[in-house]
Amino acid sequence: MFKSKKILALVMTVIMSMMLFAGCGSQEKKEVSEGNDKVEVNVFQFKVEIAKELEEAVLAYEKEHPNVKINIQTVGGGDDYGAALKAKFQSGSEPDIFNVGGPQDVKDWANKLEDLSDQPWVDLALPGILSGATMDEKVFALPFNIEGYGFVYNKGIFEAAGIDVSKILDYKSLEEAVKTLDAKIKSGELKEKYPLLEAVFEYPAKETWVTGLHTSNTALGQEFSSSIEAFNAEKVEFKYGEGLKKIVDLQANYSSNGDERQKLNAVDYTRQAEEGLAIERVAIIQQGNWVYGKIKGVDEKVANNLDILPMPIEGAKEDCIPVGVPMHWGVNKDSKAEVKAAAKDFLNWLYTSDAGKDYIVNKFYFIPPLKGYENLEPKDPLGKAVKRYAEAGKTTPWVFMGYPTGWGMEVLGNDIQKYLAGEVTWEEVVTNTKAQWEKMR
Amino acid sequence: MKNSKFWFSFFVGPILFAFIVVVIIPMFMGIYYSFTDWNGIGNTANWIGLKNYIDVFKDKDFLSAFIFTAKFAVVSVITINLMGFGLALLVTRGLKISNFLRSAFFMPNLIGGLILGFVWQFIFTKAFDSLGRLSGLGFLEGWLADPTTGFWGLVILMSWQMAGYMMVIYIASLESIPESLIEAAEIDGANAWERLIHITIPLVAPAFTVGLFLTLSNSFKLYDQNLSLTGGGPYNSTQMLAMNIYNTAFKFDDFGLAQGKAVIFLITVAAISLTQIYYSKKREVEM
């Protein structure tokens, strides 16, 4: 009697546990059967700025291709995306299209990326633009767009202060202009026209991608000729370390926290762009053409009156801004054949068809990485500015995608925070980050 | 008796199975990964023995995160339980607004940690700044930009959130004290303070065991409030253990090392909590 009860108990345990999982099983089956008549492509992308517009583009594509269903999932912000992507792959729900940054990412994800060398857009690519996505002469990803950053400034304020922007061509003249402007703000001369104006710069040291990646790239982008070279470099020299220090100091000293620089460590992107430049509280911020939409959301008039100043590193090429590819589209090698085909076709449609191009330029505000956009000009002033620099050859490359994983933001970004807080000297920043680079390679 | 055995497996079986699948097995897998150099992306995880565990002890950031977390735990265990007990005493005195106060004090606990972090971030960076500027009190400005104020910011946030929860536990315990004991003490001439020290506190000791355990383990495991309030900044000076482990895994792509840290973390938290329970239990008195 006792024994049979025990067995019964055991059986019940097993049955109950199986019931727990029965639910999941049947659901899985359903998905598979649905997949047979309709190809489903899952996209996992990082650009929050275009999330809504991308959905619209997808609807347009689905109208033309009724057998394809595309699901977009967006997780914003550089580093969050990387973590979320890894979590997604580990959980087993691998996306079919995902984003990779540059050489370091392409190498990390090498065994997941489909070879896209045979795609039609490869031949249309602007010279050199594919370098970050190429490994062993195979192209693994499609560049999103071209972006550039520099000192985004409010033209109106400069005019009111009587500063001739066309004369700002190197670090000396920039510093001169900043000092003039600072003096005029402090004396209250501009108070009437710009009542909120309180400083020249706003520098978000809390955002280590701004300090650790973008600011540092102005110097390292001249030390390394491309992200590939940075990626292959065993060590970093900081050839233009002194120039970099000057750029950091300039932004910190003439910010609203100029006399208490440690407080910059709590300043974030929103404080810089929306609560800074957009409301005319500051005149210049270090950002790229992507802030246009953000500023426009607050004040369209301010947004349309922006332009970009060079980011000069003293002792190197000065009258230039860093221009590069922020992210690439990659296709998952392990997806099913028909899904992969649909994924490739979608990317191709988005970047080479007339309807797609319209989205790229007019809805996403992208500067296209491919040829064949001659009739479509960027409409926003920052996009135009980047294009102007690119056409004049006044650019340096983006090399931070070639930094060792985590080096830019977690090592250098943190060290710059320490430097601003007065915990370490600039020499210590350079020595420490140099050592870390070698260790992490 | 035999019957209860049947029902035991009937109800506990499925849960036990689920527990094994989602907790026990992943834990052992995690321990396995802590001996490898897995980067979290590929399927190649090479066995590298104890290297990760040796690296953990060489990692200065991990050490400082550990010290920061320990400091935070000690301070917040004290503040949360003092506040919780104080609030519980306040609302069990038969005031007319007691019921309202109870829900008001408990309310912060219903808000998610991330949201709370952002709310308090606004308070610290915006409200405090304006207050500081208006009143001329310099120390109110620039919170979260400084390691010390960042620390106290976290303590304030955490105490505000958890004190209400502890209050509920202490209320339950306070209300189970027989009136007769208090009355007897009163007749014997004990004043309010003596009654609190000699009657109330010894009798609610079991609640203190629970309260200390919950706050201690929660403080050690804190992640979301840390992430949304300071994000570990400035320069990782307010980074707590859980965040350090997360960053090692997801920002430096070093899952093996992160797993090693996680195993050490698990053992430490377990050891500290069990020791605390052992000693708190000893102090409890039978009624």
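For the structure, see preceding data.
Cut-offs and rules
Starting afresh in each chain, residues are numbered from 1 along the sequence in its written order. Ligands are numbered from 1 and chains lettered from A, in the order in which they are written. A pLDDT threshold of at least 70 governs which residues receive local features in this predicted model, and a stricter bar of 80 or more applies before side-chain atom pairs are shown or counted, although totals over entire chains, interfaces and linings include all residues. Side-chain measures here rest on the full set of heavy atoms in the structure, leaving out hydrogens and waters. Secondary structure elements follow DSSP: runs of H or I no shorter than four residues count as helices, runs of E no shorter than two count as strands, and numbering proceeds from the N terminus. The buried label goes to any residue with under 20% of its type's maximum accessible area, the exposed label to any with over 50%, and the partly exposed label to all in between, with areas taken from a 1.4 Å probe on protein chains only. Residue burial considers only the protein chains on display, and all accessible areas are found by Shrake-Rupley using a 1.4 Å probe. Counted charges follow a simple rule, with Lys and Arg positive, Asp and Glu negative, and His plus the chain ends left uncounted. Note on charges: their place is set at NZ of Lys, CZ of Arg, CG of Asp or CD of Glu. One speaks of a salt bridge when a side-chain nitrogen belonging to Lys or Arg is within 4 Å of a carboxyl oxygen belonging to Asp or Glu. Working definition: rings of Phe, Tyr and Trp (its six-membered ring) pair if their centres are within 6.5 Å, and the pair is stacked with planes under 30 degrees apart, edge-to-face with planes over 60 apart, and tilted otherwise. Under the rule applied, a polar contact is a pair of N or O atoms within 3.5 Å (in protein, one hydrogen donor and one hydrogen acceptor; residues adjacent in sequence only if both atoms are side-chain atoms). Two residues qualify as a contact provided that any one of their heavy atoms is within 4.5 Å of a heavy atom in the partner residue. Definition of nonpolar core: a set of buried residues of the types Ala, Val, Leu, Ile, Met, Phe, Trp, Tyr and Cys, connected through side-chain atoms within 4.5 Å. Here the expected span of a helix is defined as 1.5 Å times the quantity of residues minus one. Arc, as used here, means the arc of the directions from the helix axis to the C-beta atoms. In this analysis an axis means a line fitted to C-alpha atoms, helices contributing only their contacting stretch, and an angle means the value between N-to-C directions, from 0 to 180 degrees. Note on convention: the crossing is left-handed when the near helix lies turned anticlockwise from the far helix by less than a right angle, right-handed when the turn is clockwise. Three classes are used, and their members are as follows: Ala, Val, Leu, Ile, Met, Phe, Trp, Tyr, Cys and Pro are nonpolar, Asp, Glu, Lys and Arg are charged, and the others, Gly among them, are polar.

Next up on the list: the overall build of chain A. When its secondary structure is counted, chain A shows 17 helices and 13 strands. Taken across its 441 residues, chain A has 54% of its residues classed as buried. Of the roughly 18,900 Å² that chain A leaves accessible, carbon and sulfur atoms contribute 52%. Between the centroid of the 52 positive side chains of chain A and the centroid of its 68 negative side chains there is a distance of 3 Å.

Helices and strands together make up the secondary structure of chain B, namely 12 helices and zero strands. Helices and strands appear in chain B in the N-to-C order α-α-α-α-α-α-α-α-α-α-α-α. Taken along the three principal axes of its C-alpha coordinates, chain B extends 75 × 75 × 30 Å. Residues classed as buried in chain B amount to 43% of the 287 residues present.

Take the pattern of salt bridges next. One pass over the full model with this rule turns up 29 salt bridges over all chains. Notably, a salt bridge pairs A:Asp249 with A:Lys245, separated by 3.4 Å at the nearest N-O pair. Of this pair, A:Asp249 and A:Lys245 both sit in helix H9 (residues 241–253), four residues apart, which is roughly one turn of the helix. Judged by relative accessible area, which is 13%, A:Asp249 ranks as buried. A salt bridge links B:Glu175 to B:Arg102, with the nearest nitrogen and oxygen atoms 3.2 Å apart. One end of the pair, B:Glu175, is in helix H6 (residues 147–175); the other, B:Arg102, is in helix H4 (residues 98–106), with 73 residues separating them in the sequence. With a relative accessible area of 24%, B:Arg102 lands in the partly exposed category.

Turning to the packing of aromatic side chains, a few remarks are in order. Residues and elements named next belong to chain B. Inspection of the entire model under this criterion finds 55 aromatic pairs over all chains. Pairing Trp38 with Phe255 gives two aromatic rings, centres 5.3 Å apart and planes at 65°, and the pair type is edge-to-face. Placement of the pair is Trp38 in the loop between helix H1 (2–33) and helix H2 (51–58) and Phe255 in helix H12 (residues 255–283), with a sequence separation of 217 residues. As far as the burial class goes, Trp38 and Phe255 line up, both buried. Each ring, one from Phe151 and one from Trp152, has its centre 5.2 Å from the other, and the planes form 85°; the classification is edge-to-face.

Here the focus is the environment of A:Thr433. Residue and element names in this part refer to chain A. Note that Thr433 resides in helix H17 (residues 426–440). For the pair formed by Thr433 and Trp407, sequence separation is 26 residues and the distance between their alpha carbons is 8.0 Å. Looking at Thr433, its side chain comes within polar contact range of the main-chain oxygen of Val429, at 2.7 Å.

Before going further, it helps to examine unusual backbone geometry. Residues and elements named next belong to chain A. If you check the backbone angles, Asp136 has positive phi at about 50° while not being a glycine. Along the polypeptide, Asp136 turns up in the loop between strand S4 (134–135) and strand S5 (138–139). On the basis of relative accessibility, which here comes to 67%, the residue Asp136 falls in the exposed class.

Another point: helix H14 (residues 354–363) of chain A. Residue and element names in this part refer to chain A. Along H14, the residues that are buried comprise Gly356, Lys357, Tyr359, Ile360, Val361 and Asn362. Taken together, the buried residues of H14 touch helix H2 (51–64) and helix H13 (337–352). Once H14 finishes, Tyr365 follows within two positions and takes phi at roughly 55°, a positive value.

The biggest cluster of nonpolar side chains holds 139 residues, and the ones touching the most others in it are A:Val41, A:Leu181 and A:Tyr351. No other element matches H13(A), which puts eight residues into this core. In this view, A:Tyr351 contacts A:Leu142, A:Pro143, A:Phe144, A:Trp329, A:Lys357, A:Ile360, A:Phe366, A:Pro369, A:Leu370 and A:Tyr373; residues no more than four positions away in its chain are not counted. By size, the runner-up hydrophobic cluster in this structure holds 37 residues, among which are B:Phe68, B:Leu87, B:Trp143 and B:Phe151.

As a further point, take H17(A). All names here are of chain A. With 15 residues, H17 extends 21 Å from end C-alpha to end C-alpha; this agrees with the ideal 21 Å at 1.5 Å per step. For H17, every residue scored as buried is listed here: Trp426, Val429, Val430, Thr433 and Trp437. Down the axis of H17, the sector holding all buried residues measures 95°, keeping them to one side. Exposed positions of H17 whose direction lies more than 90 degrees from the buried face are Thr431 and Lys439. Considering only its buried residues, H17 is in contact with helix H8 (227–232), H9 and helix H16 (407–421).

Turning our eyes to something else, we now look at the packing of helix H3 (residues 60–91) of chain B against helix H9 (residues 205–221) of chain B. Helix-helix packing is described using two parameters, namely the angle between the two axes and the distance between the axes. Residue and element names in this part refer to chain B. The geometry of H3 relative to H9 is characterised by a closest axis approach of 9 Å and an angle of 140° between their N-to-C directions. When you trace H3 past H9, the crossing you get is right-handed. On H9, the residues that touch Thr69, Ala70, Phe72, Ala73, Ser76, Val77, Ile80, Asn81 and Phe85 of H3 are Phe208, Gly211, Leu212, Thr215, Leu216, Ser219 and Phe220. Residue classes in the contact of H3 with H9 are distributed as 10 nonpolar, six polar and no charged.

Worth remembering: the numbers are spatial, not functional.
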